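Coordinate inspection notes
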Amino acid sequence: MQIALFQPDIPQNTGTILRLCACLDVAAHIIEPAGFPVSDRHFRRSGMDYLDHVAITRHDSWSKFEQWRNDGGFRLVLFTTKGAGSYLDYRYQRDDVLLFGRESAGVPDEVAGVADARLVIPIKPGLRSLNVAMAAAMALGEALRQTGSKT
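**Topic: the packing of aromatic side chains**
Counted by the stated rule, this structure contains 6 aromatic pairs. Centroid distance F65 to W68: 5.5 Å. Interplanar angle 35 degrees. Geometry classified as tilted. Of this pair, F65 and W68 both sit in helix α3 (residues 62-72), 3 residues apart, which is roughly one turn of the helix. Take F65: its relative accessible area is 0%, and that puts it in the buried class.

**Focus: α3**
When we look at burial in α3, the residues that qualify are W62, F65, E66 and R69. All buried residues of α3 project into a common sector of 100 degrees when viewed along the axis, lining one side. Turned more than 90 degrees away from the buried face of α3 sit S63, Q67 and D71, all of them exposed. Buried residues in α3 make contact with β1 (2-6), β2 (27-31), β3 (56-59), β4 (76-79), β6 (97-100) and α4 (109-114). Of the residues one or two after α3, G73 is the one with positive phi, at around 70 degrees.

**Here we look at the packing of helix α1 (residues 11-24) against helix α5 (residues 132-147)**
Relative placement of two packed helices is described by the angle separating their axes and the distance separating the axes. As a packed pair, α1 and α5 sit with axes 9 Å apart at the nearest point and diverge in direction by 20 degrees. Comparing the axis directions of α1 and α5 gives the class roughly parallel. The way α1 lies across α5 gives a crossing that is right-handed. On α5, the residues touching N13, T16, I17, L20 and L24 of α1 are V132, A133, A136, A137, L140 and L144. Within the contact of α1 with α5, the residues separate by chemical class into 9 nonpolar, 2 polar and no charged.

**Observations regarding the pattern of salt bridges**
Taken as a whole and judged by the stated rule, the model has 7 salt bridges. With a shortest N-O distance of 2.8 Å, R75 and D96 are connected by a salt bridge. Here the residue R75 occupies a position in the loop between α3 and β4, and D96 occupies one in the loop between β5 (85-86) and β6, the gap between them amounting to 21 residues. A salt bridge links E142 to R145, with the nearest nitrogen and oxygen atoms 2.8 Å apart. Taken together, the residues E142 and R145, both in helix α5 and 3 residues apart, mark about one turn of the helix. E142 sits in the buried class, given a relative accessible area of 10%. The structure contains a network of salt bridges with shared partners spanning E66, R69 and D116.

About the cut-offs
- Residues numbered from 1 in each chain as written.
- Predicted model: local features only at pLDDT ≥ 70, side-chain atom pairs only at ≥ 80, totals over all residues.
- Heavy atoms only, no water.
- Phe/Tyr/Trp six-rings, centres within 6.5 Å; stacked < 30°, edge-to-face > 60°.
- Helix = DSSP H or I, 4+ residues; strand = E, 2+ residues; numbered from the N terminus.
- Buried < 20%, exposed > 50% of the residue type's maximum accessible area, 1.4 Å probe, protein only.
- Arc of directions from axis to C-beta.
- Contact = heavy atoms within 4.5 Å.
- Axes fitted to C-alpha atoms, helices over the stretch in contact; angles between N-to-C directions.
- Parallel < 35°, antiparallel > 145°, perpendicular 65-115°, else oblique.
- Left-handed = near helix turned anticlockwise from the far one by under 90°.
- Nonpolar A, V, L, I, M, F, W, Y, C, P; charged D, E, K, R; others polar.
- Salt bridge = Lys/Arg side-chain N within 4 Å of Asp/Glu carboxyl O.

Everything listed is a geometric property; what it means functionally is a separate question.
Dropping the structure here:
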């Protein structure tokens, strides 16, 4: 299981997600451009010393990430408020890449169009969305539960 962040723009959320990846031994991918430098103090503070314990791959662009993904034969599972099905009903595989979009804008249609699945975490009607770090934790927890993956 791996997590990919599409052009993240809030350093605290990215740091929190990378800390999650470190604790659960899940590789992380950042698809550039990010909306902050890696030296950002909020990013470093959120990730704390856990950043030294996570495998992070930075991809210069969406096309380079797609090339890496296609070369590895990984399924892309997008979490979006425009998802077609609930994340609880999906059958995950151990080598899935769970993709989360920009906090401010999600992902463009071209990215959503190539995803193997577009899933939603159902929330109370009338509310926009969950915090991306919370969504990543919920999604990763369910995917690991289903696949029997353990740290």
